[in-house]
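Analysis of the macromolecular model
Chain by chain, the residues:
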Amino acid sequence: MSGLLALLDDVAALAKVAAASVDDIAGQAAKTTAKVAGGVIDDALKAGTKAAGAVIDDAAVTPKYTMGFSAERELPIVGRIAWGSIRNKMLILLPAALLLSNFAPWAIAPLLMLGGGYLCFEGAEKILHWLVPHDEAHGSKGEPKDPAHLEESRVAGAIKTDFILSAEIMTIALSAIPDSGFWTEAMTLALVAVGITALVYGSVALIVKADDIGLAMAEKGRLGLTRSIGRGIVRGMPGFMKLLTIVGTAAMLWVGGSIIVHGLEVLGFGALGHGIHDIAHAVAHGVPESWTGFVAWLVTAVLDGILGVVLGLALVPVATKVIGPLIGLFTGNKAPH
């Protein structure tokens, strides 16, 4: 992966915004949304995977907020969280992004680095939780027992988590939009916000209801194949959720480390990025030419991920022993970690 400046160049080449045309705005938004979702490869992958960690983590984390509720409440809960996510993006994050772009563009790289550090922290903390499990399930202690109050608590917590991830996604999307007029930028970001939210929470809805769909297919399917597929879905969902969590954690560490490296380059500290680049190309030089690009990309991603783990582990005690208690002191709430 290249530096943040290369990211801007790649995106500019892949997604041109025409200031006078609504069709061009929609096209730019669709392309940017696809890149943020990590849905394309090669050069587009360089842009898209920078937000893939946040997007995948959002999709992996949200289903847990529906656990313990009746089946008929699952989709309404997902819908409430999605609506809160849209409000976060449209009413708070989009205006903030436009203010940054027009009045403080120099702040975009440091904010990206803050977001990258957060992704590293989250990824490293999940690894620590796997290695040293907590005695109680996360989030279950101190929750209301009444279903209505529990739903309100879960939805509020999910929307707060989404706000952090959405801020990272919107900042990355902002950095991916080529220079354009104010209204073009605003409309593009708005369409990206809607597209990302639909992608994430549409996926969450499918994940949440997959067991019910599989069970219905297994019990009511007219064909043996349909019933077999249904049973396969039911049996496969626990493994799929574990895989999604692993992929999301790896993506967070990879993307977070990458953002830190590129942010340092933008701020004039390029030694780390140059070192990773040199190692990646030295390794790639030893493979057949047809594999050179992929190997260089893979080695870079692995080194970025290793950096993400190291930085995240360093940030865990800072966040849990310093930042968390300070936040709790000002908000009156006990720090979550």
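In this text, all values refer to a predicted model and were calculated from it rather than measured experimentally.

Across its 43 residues, helix H8 (residues 224–266) extends 58 Å between first and last C-alpha, which sits within 8% of the 63 Å expected from 1.5 Å per residue. Most pronounced at Gly-236, the bend in H8 amounts to some 45°, and the proline Pro-238 follows within four residues. In the stretch just after H8, Gly-268 is the one whose phi turns positive, near 95°.

The subject of this paragraph is the pattern of salt bridges. Under the defined criterion, the tally for this structure stands at two salt bridges. One salt bridge connects Glu-152 with Arg-80, and the closest N-O pair in it is separated by 3.0 Å. Highlighted residues: Glu-152 in helix H6 (residues 147–176) and Arg-80 in helix H4 (residues 71–103), separated in sequence by 72 residues. Here Asp-212 and Lys-209 are joined by a salt bridge, their closest N and O atoms 2.8 Å apart. Placement of the pair is Asp-212 and Lys-209 together in helix H7 (residues 182–220), with a separation of three residues, close to one helical turn. In this structure Asp-212 comes out as partly exposed when scored by relative accessible area, which is 32%.

Okay, the confidence of the model for the protein next. Looking at the protein as a whole, the pLDDT averages 74, with 72% of positions reaching at least 70. Considering each helix and strand of the protein separately, the mean pLDDT is smallest for helix H1 (residues 4–14), with a value of 38, and largest for helix H9 (residues 271–284), with 91. Contacts from residues 1–23, a stretch scored under 50 in pLDDT, to residues over four places away or in other chains number 52 contacts. A low-confidence stretch, residues 35–50 (pLDDT under 50), is modelled with 43 contacts involving residues beyond four sequence positions or located in other chains.

To continue, consider the packing of H8 against H9. Two elements in contact, H8 and H9, have axes whose closest approach is 7 Å; the angle formed by their N-to-C orientations is 125°. The angle between H8 and H9 falls in the class oblique. Residues Val-261, Leu-264 and Glu-265 of H8 touch H9, and the partners they reach there are Leu-272, Gly-273, His-274 and Ile-276. Considering only residue class, the contact of H8 with H9 consists of four nonpolar, two polar and one charged.

Cut-offs applied
- Residues numbered from 1 in each chain as written.
- Predicted model: local features only at pLDDT ≥ 70, side-chain atom pairs only at ≥ 80, totals over all residues.
- Heavy atoms only, no water.
- Helix = DSSP H or I, 4+ residues; strand = E, 2+ residues; numbered from the N terminus.
- Expected span 1.5 Å × (residues − 1).
- Bend = angle between axes of the 7 residues up to and from the residue.
- Salt bridge = Lys/Arg side-chain N within 4 Å of Asp/Glu carboxyl O.
- Buried < 20%, exposed > 50% of the residue type's maximum accessible area, 1.4 Å probe, protein only.
- pLDDT = per-residue confidence, 0-100.
- Contact = heavy atoms within 4.5 Å.
- Axes fitted to C-alpha atoms, helices over the stretch in contact; angles between N-to-C directions.
- Parallel < 35°, antiparallel > 145°, perpendicular 65-115°, else oblique.
- Nonpolar A, V, L, I, M, F, W, Y, C, P; charged D, E, K, R; others polar.

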